[in-house]
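The chain contents come next:
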Amino acid sequence: MGLGTKITLVSLASLIAALGAYVYQKKKKEIIPWTWEEVGKLTKLNLFPLKSGHRIELHKAECTKYGLRQTKDEDAVQLRDSSNFRCLVVYSEKDNEFRTARTYPKMVLIDVSVHDDKYLAVDVPTMRTLYVQIPIKDENKESFIRLHKGEEIYAIDCGDEAASWFSRYILGKDVGLRLGFHDASRSRNISKTHKTILDYYTNLTNSSTGLYSDLTAVLLVNHASVRDLNARIGTSSVSVDNFRPNVVVDGPQLEAYAEDDWDWIKIGDVVLRNVKECTRCIMTTIDPENANRSSDREPLKTLETYRLSNGPSRLPTMGINCEVKVEGIIKLGDPVFISKSVLSSATNGTIKH
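Residues numbered from 1 in each chain as written. Predicted model: local features only at pLDDT ≥ 70, side-chain atom pairs only at ≥ 80, totals over all residues. Heavy atoms only, no water.

Draft legend 1. Highlighting the pattern of salt bridges. A full pass over the atoms with the stated rule returns 24 salt bridges. Residue glutamate 62 is joined to arginine 69 by a salt bridge in which the shortest nitrogen-to-oxygen separation is 3.0 Å. Of the residues examined, glutamate 62 reaches a relative accessible area of 24% and is grouped as partly exposed. Residue glutamate 97 pairs with arginine 99 through a salt bridge whose shortest N-O separation is 3.3 Å. Relative accessible area serves as the criterion here: at 18%, arginine 99 is assigned to the buried category. (Salt bridge = Lys/Arg side-chain N within 4 Å of Asp/Glu carboxyl O. Buried < 20%, exposed > 50% of the residue type's maximum accessible area, 1.4 Å probe, protein only.)

Okay, here's the thing in structure tokens:
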């Protein structure tokens, strides 16, 4: 065997060893901790069936890889396919681009509830109840809706009656908008549209995503952080609901912004992983109960003075985006456990003061 061949074999062996070490580290990173520290209690559970719509407050929920879902004992009936997490989106008939309360604040007043095993009921104070039959993809038009960064997400159209109802309420016109439904039959792929974010937040993957959520399946907010924010604003009563969380944690010993450093979170049967801090936009300035936008840009104005992300989006942050690692049931009052690790700046990019 010649010297060149030996060098080649040694190089190959080194490459294999390096690759093995890399794979080991990636697998090691996903090992669920076995030691936990209790930090507080689960004090609020919110489900948002419609993107930008009003919340449903739950006492108990099933936490799936796509987000929260009502349990059978939470409501007398469930949807036929049980996909009652954030499964509805309003989009433009002209270009299939999604529409939210960022542009149309009154959307936060739209209530969606389960009517029976085949229909949803949609309500606002100023219009008759709309009953939306859950569409079946073999019988209804399928589309791809454009969300943030041009990401295209699957949707089944909910029909002309729903389209007319949403167009009249949001636009004051008979046409222009349509309602899409996601049956959870397809997963999202953010590898191309969100590459910059994926490169920076190393725990974030395609598996982290919800259906029509901005990014991840579960948004967690620490109530102590919101109280600290209100104290900094001074004359403010910004609600935790301004931040549209799915899960709210609170407790007498819980420090503001402690969630920034949480890596793993355990609630009931569920295990979550912190994959990204949640960057905030103009939605937080809209009162979730009356759709009024704050005249002073709060809470964004104050958050921008001390909570700017170091990540690709230089935006203020509040709360953490979580991936569901272990599915299960959670309920109000459950103790919340965390497992800390030394998170890299690619996992947690927030500047704290």
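Draft legend 2. Spatial organisation of the packing of aromatic side chains. Using the criterion set out here, one finds 5 aromatic pairs in the structure. Arranged with centres 5.0 Å apart and planes meeting at 65°, the rings of tryptophan 165 and phenylalanine 166 form a pair that is edge-to-face. Exposure remark for phenylalanine 166: the relative accessible area of 1% places this residue in the buried category. Between tyrosine 257 and tyrosine 306 the ring centres are 5.8 Å apart and the planes differ by 75°, which places this aromatic pair in the edge-to-face class. Highlighted residues: tyrosine 257 in the loop between β14 (247-250) and β15 (262-267) and tyrosine 306 in the loop between α5 (300-303) and β17 (317-326), separated in sequence by 49 residues. For the residue pair tyrosine 257 and tyrosine 306, the accessibility class agrees, reading buried in each case. Taken together, the ring pairs connect Trp165, Phe166 and Tyr169 into an aromatic cluster. (Phe/Tyr/Trp six-rings, centres within 6.5 Å; stacked < 30°, edge-to-face > 60°. Helix = DSSP H or I, 4+ residues; strand = E, 2+ residues; numbered from the N terminus.)

Draft legend 3. Structural view of the sheet that holds strand β3 (residues 60-64). One open sheet accounts for 3 strands, arranged β4-β3-β18; its pairing is antiparallel. Strands at the two margins of the open sheet, each flanked by one partner only, are β4 (67-70) and β18 (328-331). Strand-to-strand, the axes of this sheet are offset by a mean angle of 40°, without reference to chain direction. Relative to β4, β3 is paired through 4 bridges, and the arrangement is antiparallel. Directly across from threonine 64, in β4, lies its bridge partner glycine 67. (Pairing = 2+ DSSP bridges. Axes fitted to C-alpha atoms, helices over the stretch in contact; angles between N-to-C directions.)

Draft legend 4. Structural view of the sheet that holds strand β10 (residues 142-146). Ordered by their spatial adjacency, 5 strands build an open sheet running β6-β5-β12-β11-β10, and the pairing between neighbours is antiparallel. Edge positions in the sheet fall to β6 (98-99) and β10, since each of these pairs with one other strand and no more. As paired elements, strand β5 (residues 88-92) and β6 share 2 bridges and run antiparallel to each other. Pairing of tyrosine 91 across the sheet is with phenylalanine 98, part of β6. Each of β5 and β12 (177-181) is contacted by helix α2 (residues 160-171), which is oriented at about 125° to β12, the strand it contacts most. (Contact = heavy atoms within 4.5 Å.)

Draft legend 5. The arrangement of the layout of surface pockets in detail. Here the largest pocket is characterised by a volume of approximately 730 Å³. Together, 37 residues line the largest pocket, and Arg102, Asp214, Leu215, Cys278 and Thr279 are the ones closest to its centre. Counting residues per element, the ones that place at least two in the lining of the largest pocket are β4 and β16 (270-279). Top contributing element to the lining of the largest pocket by residue count: β16, with 3 residues. In terms of residue class, the lining of the largest pocket is built from 16 nonpolar, 13 polar and 8 charged. For the second largest pocket, the calculated volume is near 240 Å³. Around the second largest pocket sit 17 residues that line it, and Val238, Asn242, Thr285, Ser294 and Glu298 are the ones nearest its centre. (1 Å grid on protein atoms, 1.4 Å probe; cavity = no way out; pocket = protein on both sides within 12 Å on 5 of 7 lines; lining within 4 Å. Points joined across faces, edges and corners; volume = space filled by probe spheres on them. Nonpolar A, V, L, I, M, F, W, Y, C, P; charged D, E, K, R; others polar.)

Draft legend 6. Spotlight on the environment of leucine 50. Turning to its location among the elements, leucine 50 is positioned in the loop between β1 (37-47) and β2 (56-57). On the basis of relative accessibility, which here comes to 1%, the residue leucine 50 falls in the buried class.

Draft legend 7. The arrangement of helix α4 (residues 223-233) in detail. All buried positions along α4 are accounted for by Ala224, Ser225, Val226, Leu229, Asn230 and Ile233. Buried positions along α4 lie against β13 (218-222), β14, α5 and β17. The backbone nitrogen of alanine 224 lies 2.9 Å from a side-chain oxygen of the residue at the head of α4, namely asparagine 222. Two residues or fewer past α4, glycine 234 is found with a positive phi of approximately 100°. (Polar contact = N/O pair within 3.5 Å; in protein donor to acceptor, adjacent residues only side chain to side chain.)

Draft legend 8. Looking closely at the environment of glutamine 253. Tracing the chain through its elements places glutamine 253 in the loop between β14 and β15. You can call glutamine 253 exposed: its relative accessible area is 69%. C-alpha separation for the pair glutamine 253 and glycine 40, spaced 213 residues apart in sequence, amounts to 7.4 Å.

Draft legend 9. Representation of empty space enclosed by the protein within the structure. Overall, the coordinates contain 2 cavities of 30 Å³ or more when judged by the stated rule. When its volume is computed, the largest cavity comes out at roughly 40 Å³. Classifying every residue of the lining of the largest cavity gives 3 nonpolar, 2 polar and 3 charged. Its boundaries defined by the atoms lining it, the second largest cavity holds a volume of some 30 Å³. Of the residues contributing to the lining of the second largest cavity, the split by class is 4 nonpolar, 1 polar and 2 charged.

Draft legend 10. Seen up close, the pairing of β5. A large share of β5 lies buried, amounting to 5 of its 5 residues. Covered by surrounding structure in β5 are Leu88, Val90 and Ser92 together with Val89 and Tyr91, the residues of both alternating faces. Linking β5 to β6, which pair antiparallel, is a turn of 5 residues; within it asparagine 96 sits at a positive phi near 60°.

Such coordinate-based values are descriptive only and should not be taken to indicate function.
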